[in-house]
Structure formats: structure tokens, C-alpha cells
Amino acid sequence: MAATADHSTTGATAPAYYVSTPIYYVNDRPHLGHAYTTVAGDVLTRWHRQRGEKVWYLTGTDEHGQKIMRTAEANGVSPQQWCDKLVEEAWKPLWEHLEIANDDFIRTTEERHTARVQEFVQDLFDKGEIYKGGYSGPYCVGCEEFKLPAELLDGATADEKLCAVHKRPVEWLEEENYFFRLSAYGPRLLEFYAANPDFIQPASARNEVLRFVEQDLKDLSISRSTFDWGVPLPWDEKHVLYVWVDALQNYITAAGYGSDPERFAELWPASVHLVGKDILRFHAVIWPAMLMAAGLPLPKRVVANGWLMVGGEKMSKSNLTGIAPTDLTSHFGVDAYRYYFLRAIPFGTDGSFSWEDFTARYTSELANDFGNLASRVAAMVGKYFDGVLPAATAAGDAEQAVADGLTAAVAAADLKIGEELDFAGGLAAIFEFVKQVNGYLTTQEPWKVAKDESEEGQARLATILYTAAEALRATAVLLNPVMPSTAEKLWVSLGAEAAGLGALGAQTVATAADWGRLPVGATVTKGEILFPRLEEKPTA
Ligand SMILES: [Zn+2]
């Protein structure tokens, strides 16, 4: 896999790097799990932007279906009013708060979506991919999904069966339905998975999907006639489209499918669909089969992240614990929040969060290793050189080792974050470099060298401080996609922009490793403390 994109051979419309989150179900407020996926997508997006690529980041909300209708009813409002309120008061403000730089936010109740969805399913109907039939079976309203008897758990009584995800009784549903011929796509899907081994990640997710598709796929019921909160089937308006079939199409309707062919050609197929592992089959089986039926290209990758646990309890839409993302950002700050989950939990695996672990990483990695380094270097340039960055005229092996460490950190971070979505690995590489710079200062002892007033001593001191400041210049660039506000504070403190290096947002991953970019003479100031000491844990 190439570490950097090469667009030199592309034609008039270079394909964009297109990242999507799932569109989230707005039956409730966003929780830590939603924020985890959305921050990951944001970091991936910002990383590719920093490579100088054209990038498009999409998120949004899934607003149809029986569960939302019932939630709205229970709250005494119409489903549309319910969705409008949640989207405007909870979802969009949280993404703004977390500095999510999405390019678009699609809502499945918008006409730009529903009109295209109707065209898409009409096309499949005209091609004979959709037919009318009957179905009855156990149905979980929480999942919006018919269940197989083997997937259910025993309930409190002999006839009661529970959804294995929601631990709530399933309902018996009998419907005259329209079906999508999913069963016809098993062999083609398996062929596709074999030809595209990176399509589903991580490997555990891929294996699960392979095992599922290797059994006989059943045709998929794609309409409901027992309620009306959904997209009506254009040829039979008594039916609304199954909410999942409606929702999945957001990835193409937002990208210009059926409305803007030029834009669609530039954006589709998506580079990465980020999904939770509970919705993997929809994205790795049903969605590709629907696209095959429509004759459209398939997304390049579907990457499933694991569960976040708090004390072993899964934080998902069906089992919320009481911690809202803002409970954590108000204590640790937004940037530390963005950093923590990606650093602490290997992407793709389940991981647990604890207040203690967050506090420990905040203190040791962010405040001590990184924040202190930045403030010490700025303080010494201030004290010994009146805040004017001196030149490194006496560089030797020790300085070369720091420059080499940077080269290695940039290469590792670019591969891990930009290509492998191994955010924890990429951040580890960057913080390994921060540790190296701390070690360099400990060994070089500039505070002792400062006492040597000879020309040689002053040249040594200047060299050490330039080296440390230059290392911070690169660190600001590398951390900008993860902690944009903190990186900006550091950029300002180094006087980089005023010295002619341009805005932080204009720096690229490729030039991060170019040693010696920070201009001599830059005005270094001791700015804001990057990671202030934490208050005591609030008692709720
Ligand atoms: Zn369920």
C-alpha cells in the first residue's frame, strides 16, 4: 500500500478520498459510541486533507422507521418534529463542539435523499430485482429487523423470545412485503470478497461476514405496510421502504447520485465506510448487493469498530449508560477527548474506558510528555534568547538522531493513521518521537550549557533549543488532525506563521519531516498552557 496518494495519472476529475460515518438513528441523543466513530472519521479526513488530497467527509442522521415513530408518539410530537429537534439541539451541536469537520450532513427526511431513493428502488423494481411476497416472523423493533429463530434468547415465559442485542421481547410480524433478491447475490459477493481482501476490516469482521454469506442468503424484506413513517414505494404507496434500505442510500444520494453526475463520478465509490460492528452485515452484505443490482461500483472499504465499554457495559444505542460526551469534554477538554479514545483503544477491537485511565493518559502523555516539553522549550528560548529562535550552528550526531526520529515518526504515522486506520499505532509513533525529544533535552541539559558563556557554549545552547523547537514544529503538524486547537496554540507559540511558514492548516504530512523548516528568528512566546492540571473528579 502506498503511503502517499498519487494523483498524477488521473484525468479531469480526480477521485476524492471519501469517508463516511454511519448515519445515526435519531431516536435519542448522541452517546460516546457515536462520538468515537465520528472523531475517528474526522481524524482520517483531516489526515488526508493534510496530505493535500481532495477529501469529502459525510455524516448525518437516519430518521425513518417504526422506532422513531413510536418515540415521537411517546413524546407527543410528530416524527418530523422529533427528528428536527434532536438534530438541531443535540446532534449538530455535538459535532460542532467536537470540532468535526464534515463536508455535508445528510438527513434521510430531506427531499434530496427521498426523491433519489425512490428512483433507486424503482430502478431495481423495473429490473426485476424486487418482487412482492409475504412474510411472517419474529421482529425486533429496536433493530428494525426480522430475526431468525436461532438468533433469539429465551424470555421470562415459555413463548417469550428476546432479541439478543436488545434483551427485549420480539414481536411476531406478518406482512405482505416486497423483497429484494438478496439470495441471488451470495456467489457474486463471495467472489468480490475474495478479489478484494481489504474490503472488510478488521479480519474478524471479514470472517464473520464470510461465514454469514457462505450460508444461504435469504431474500430481504424491503417494505413495511403497518406504519407510514418512511419513504413510500413509488409503485405501491401503501408501503414504505424498510428503514435500512432507505438509510444505506445516503452514501450515494449525498454524493450526487441521480442529481449531479459529475460530482457523483468524483466522489463515488466511497473510500471508507466507517461502521459499528453491529451494523456490519448491512454495509458489507446488503449494501454491496443492492449496488451490484443497480450496476453501481462498490465502496472500497468497510471498516468496523468495536464496542466501547464502561465497566464492562457496552455503550450502544440500546444500552446507554449515563455518560454524555460533554461530561468528559467539560473535564478533560475537547482535544484530550479526541485523543484519548483513539489512543487508548485499538481501532476495530472492543475496548473499555475508565475515568482513571483517561486521567492517567492525560497527565502522563498530554500534560507531562507533550505539554511540558512545549512550555519548557518556549520558556528557555525566552530566557536565553529573548524569545528569538536562534540558529543551529553546532549540530552533530545527537541532532541528527532527532531528525531521523522525526522521519521515522512521520512515515509510521502516515501509514498507520492514513492507510491502516490504526490510530492508536499512529499516535504511539508520534508520542514516541515526543519522548525522544524529551530524552534529548534531558541528555543535553541546556540549562547547564547556558552557564557556559563562551561562543562555543552559546552555539551549543542555540543548537539544542533550535532542535527542540523544530521538533515541536513537526509535532504540531502531526497532531493537528487529532488535536486541532492544541496544535494551533503550539503553532502560535512557535511564531511559525508570522515567521513565514504559513498557517498550520496549510502544512502537509510530506513536509512535516523536512528538517529545518522553522525559520531562524521566529518569535517564540510562552503561550497558553496546552494541558492544564485537571480539577478533582466531579462528584455527580
Ligand atoms: Zn434488537
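Higher on the page you've got the structure.
Just so we're clear, the structure is a prediction, and the values are computed from it rather than from any experiment.

Parameters and conventions
Residues numbered from 1 in each chain as written. Predicted model: local features only at pLDDT ≥ 70, side-chain atom pairs only at ≥ 80, totals over all residues. Heavy atoms only, no water. Pairing = 2+ DSSP bridges. Helix = DSSP H or I, 4+ residues; strand = E, 2+ residues; numbered from the N terminus. Phe/Tyr/Trp six-rings, centres within 6.5 Å; stacked < 30°, edge-to-face > 60°. Buried < 20%, exposed > 50% of the residue type's maximum accessible area, 1.4 Å probe, protein only. Lys NZ or Arg CZ within 6 Å of the ring centre and 35° of its normal. Axes fitted to C-alpha atoms, helices over the stretch in contact; angles between N-to-C directions. Parallel < 35°, antiparallel > 145°, perpendicular 65-115°, else oblique. Left-handed = near helix turned anticlockwise from the far one by under 90°. Contact = heavy atoms within 4.5 Å. Nonpolar A, V, L, I, M, F, W, Y, C, P; charged D, E, K, R; others polar.

Participant: Explain the pairing of strand E5 (residues 130–140) residue by residue, including any values.
Facilitator: Sheet topology note: the E5/strand E9 (residues 171–180) ladder contains 10 bridges and is antiparallel. From the neighbouring strand, glycine 134 faces E9, where its bridge partner is glutamate 176. Hairpin connection between E5 and strand E6 (residues 145–146): a loop of 4 residues separates the two successive antiparallel strands, and glutamate 144 in this loop has a positive phi of roughly 55 degrees.

Participant: Let's hear about the packing of aromatic side chains: which residues, and what values?
Facilitator: Where two aromatic rings form a pair, the distance of their centres and the angle of their planes describe that pair. Going through the model one piece at a time under the given rule, you end up with 35 aromatic pairs. Between the aromatic rings of tyrosine 24 and tryptophan 95, the centroid separation amounts to 6.0 Å while the plane-to-plane angle is 55 degrees, which identifies the pairing as tilted. Here tryptophan 95 lies in helix H3 (residues 79–97) and tyrosine 24 lies in strand E2 (residues 24–25), a separation of 71 residues in the sequence. Look at tyrosine 24 and you get buried, because its relative accessible area is 5%. Relative accessible area serves as the criterion here: at 2%, tryptophan 95 is assigned to the buried category. The residue whose ring lies beneath lysine 92 is phenylalanine 105, and the NZ or CZ to ring-centre distance is 5.1 Å. In this arrangement the basic side chain of arginine 281 is found over the ring face of phenylalanine 212, its NZ or CZ atom lying 3.8 Å from the centre.

Participant: So what's going on with the sheet that holds strand E14 (residues 236–241)? Which residues, and what values?
Facilitator: With antiparallel pairing, the 3 strands of this open sheet are ordered in space as E12-E14-E13. In this open sheet, the two strands that pair with only one neighbour each are strand E12 (223–224) and strand E13 (232–233). Here 2 bridges tie E13 to E14, and the two strands are oriented antiparallel to one another. Bridging across to E14, leucine 233 finds its partner in aspartate 236.

Participant: Could you give an account of the sheet that holds strand E11 (residues 220–221), with specific residues and numbers?
Facilitator: Taking strand neighbours across the sheet as the criterion, the 4 strands line up as E6-E5-E9-E11 in an open arrangement whose pairing is antiparallel. Whereas interior strands pair on both sides, the edge strands pair on one side only; in this sheet they are E6 and E11. Bridge count for E9 against E11 is 2 bridges, and the pairing is antiparallel. The residue of E11 that forms the bridge with phenylalanine 179 is serine 221.

Participant: So what about the packing of helix H15 (residues 423–444) against helix H17 (residues 455–479)? Which residues, and what values?
Facilitator: Two packed helices can be described by the angle between their axes and the distance between those axes. Viewed as axis vectors pointing N to C, H15 and H17 meet at an angle of 170 degrees, and their least axial separation amounts to 11 Å. On the basis of the axis angle, H15 is roughly antiparallel to H17. Crossing hand, H15 versus H17: left-handed. Mapping the contact onto sequence places Leu427, Ile430, Phe431, Phe433, Val434, Val437, Tyr440, Leu441 and Gln444 in H15 and Arg460, Thr463, Ile464, Thr467, Ala468, Ala471, Thr475, Leu478 and Leu479 in H17. A class-by-class count of the residues in the contact of H15 with H17 yields 13 nonpolar, 4 polar and 1 charged.

None of this, on its own, says anything about what the molecule does.
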